[in-house]
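The lines below spell out each chain.
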Amino acid sequence: GLVYVFEQVVWTTPLIFILLAMTLWRCIVRGIEGSDPHAFVAIFAGANTLPFFVLSPWMDHGAAFTAHWPVLGYIYLLVFLPETLSALARRLGLSAPRLFRTVAGSGMLFVSVLFLGLTLSAFYGDIPRELRLLATDRMAGWSAVGDRVTALRESGEWRADAPVVANEYYLATQIAFTTRRTQGVYALDMDRARIMGRRAQLEIWDLFEEGLRRTHAHEDALVVIELDAPERQPDLTAVNRLCEIFEKVRFIDDLELFDGERRYAFYSGERIRPLGTDLPPSGGDLHGLRSCLD
């Protein structure tokens, strides 16, 4: 969580981050002195930025915090950013246009590097391991997973319109995008989707377990699970849930990408149970799933 502040420095670029912080402080001071416009910006910008920095050390950063969330607060601060730049230029004895160009130039440089990192994600597997920090693996590997899903579905084991089930919504989205399917790709991770603000959207589209069991009862499905790091084993909660949804879960294949950094398991989920026919959960113990797993 402590890294969150430093991530914000990088994403906003260092000089602009410093200037935004100075702008927030100036707005607070001017607001206390009686300036209503400065008070307005201080309240709304502070409410959309400060809680993230204060709470980040105590939060599960990977699941609960996203880099772009404070952006709304930064947008408010842009109103008085030129005022801060002019005041800083006078204090440093610099010309305001020269300081403006310096800030804009440094911002463009950092943004260019960030865009380069995102571009490198398309070639993540070809980048030496020590340089992969410049890219993001969340945007990599989706085409390979989608191609494997397409190959398995074309093997003839499932009907052409058979559903595909992923253990989390991000993976389901990647599969749907790669295979060009607007329907029939479902996600199981309702809790994570709620945390990330996606649950209502996916519920409207009926792409969670309830929609799967209502629309495809007694059918078979292709199941894709992204294996958890570092053990690279299936999440027991997800596997347990699969055994409550399907009468039988049979392992088919796996896919390993980027020297083992990402790994996926593919299963055949046989005979989807209709709604209201859940089995008692096994308590997260694989021993209780042996009647389901094959």
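Just above sits the structure.
Because the structure is a prediction, the values reported are computed rather than measured.

Caption draft 1: Structural context of the sheet that holds strand 3 (residues 221-226). The mixed open sheet is built from five strands, whose spatial order is 2-1-3-5-4. Because the sheet does not close on itself, it has two edges, and the strands there are strand 2 (185-187) and strand 4 (246-257). For this sheet, the mean angle separating the axes of adjacent strands, direction not counted, is 25 degrees. Seen against the sheet, helix 9 (residues 142-153) touches strand 1 (164-166), strand 3, strand 4 and strand 5 (262-272) and runs at an angle of roughly 135 degrees to strand 4. On the sheet, helix 10 (residues 169-179) packs against strand 1, strand 2, strand 3 and strand 5 and is oriented at approximately 170 degrees with respect to strand 2.

Caption draft 2: Quick peek at the pattern of salt bridges. Tallying each qualifying case throughout the model produces 10 salt bridges. Among the salt bridges present, the one from Arg30 reaches Glu83, with a minimum N-O distance of 3.9 Å. Of this pair, Arg30 sits in helix 2 (residues 14-32) while Glu83 sits in helix 7 (residues 81-92), placing them 53 residues apart in sequence. Among the salt bridges present, the one from Arg263 reaches Asp254, with a minimum N-O distance of 2.7 Å. A relative accessible area of 27% places Asp254 in the partly exposed class. Within the structure, one salt-bridge network assembled from shared partners comprises Glu247, Arg250, Glu270 and Arg271.

Caption draft 3: Highlighting the pairing of strand 3. In terms of burial, strand 3 is largely enclosed, as six of its six residues are buried. The two faces of strand 3 match: Ala221, Val223 and Ile225 on one face and Leu222, Val224 and Glu226 on the other face are all buried. Two strands pair when backbone bridges link them, and strand 3 and strand 5 are joined in this way by six bridges, in the antiparallel orientation. In the sheet register, Leu222 faces strand 5, and the bridge partner there is Ser268.

Caption draft 4: Looking closely at a nonpolar patch on the surface. Taken together, the side chains of Leu50, Val54, Leu55, Trp58 and Met59 define a hydrophobic patch exposed on the protein surface, amounting to about 540 Å² of accessible area. Locating Trp58 in the fold gives a position in the loop between helix 4 (50-55) and helix 5 (61-64). Residue classification places Trp58 among the exposed residues on the basis of a relative accessible area of 69%.

Caption draft 5: Structural detail: the environment of Leu242. Secondary-structure assignment places Leu242 in helix 14 (residues 236-245). By relative accessible area, Leu242 is classed as buried at 3%. Sequence separation of Leu242 and Val223 is 19 residues, and the distance between their C-alpha atoms is 8.8 Å. Contact partners of Leu242, with chain neighbours within four places excluded, come to Leu188, Val223, Ile225 and Val249.

Cut-offs and rules
- Each chain has its residues counted from 1, running along the sequence as written.
- Only residues with pLDDT of at least 70 are given local features in this predicted model, and only at 80 or more are side-chain atom pairs given and counted; all residues enter the totals for whole chains, interfaces and linings.
- To obtain the side-chain values, all non-hydrogen atoms of the structure were included, while hydrogens and water were left out.
- Following DSSP output, two strands are said to pair if at least two bridges run between them.
- Only runs of H or I of at least four residues qualify as helices and only runs of E of at least two qualify as strands under DSSP, and these elements are numbered from the N terminus.
- Only the stretch in contact is used when fitting a helix axis, every axis being a line fitted to C-alpha atoms; angles between N-to-C directions are given from 0 to 180 degrees.
- The contact rule is simple, with two residues in contact once any of their heavy atoms fall within 4.5 Å.
- The salt bridge definition used is simple: a Lys or Arg side-chain nitrogen within 4 Å of an Asp or Glu carboxyl oxygen.
- Classification of residues uses two cut-offs on accessible area relative to the type maximum, computed with a 1.4 Å probe and protein chains only: under 20% is buried, over 50% is exposed, and between them is partly exposed.
- For patch detection, residues must exceed 30% relative accessible area and be free of salt bridges, and they are connected within 9 Å for like charges or within 5 Å for nonpolar side chains (Val, Leu, Ile, Met, Phe, Trp, Tyr).
- Shrake-Rupley sampling with a 1.4 Å probe provides the accessible areas, and residues are treated as covered by the protein chains on show and by no other component.

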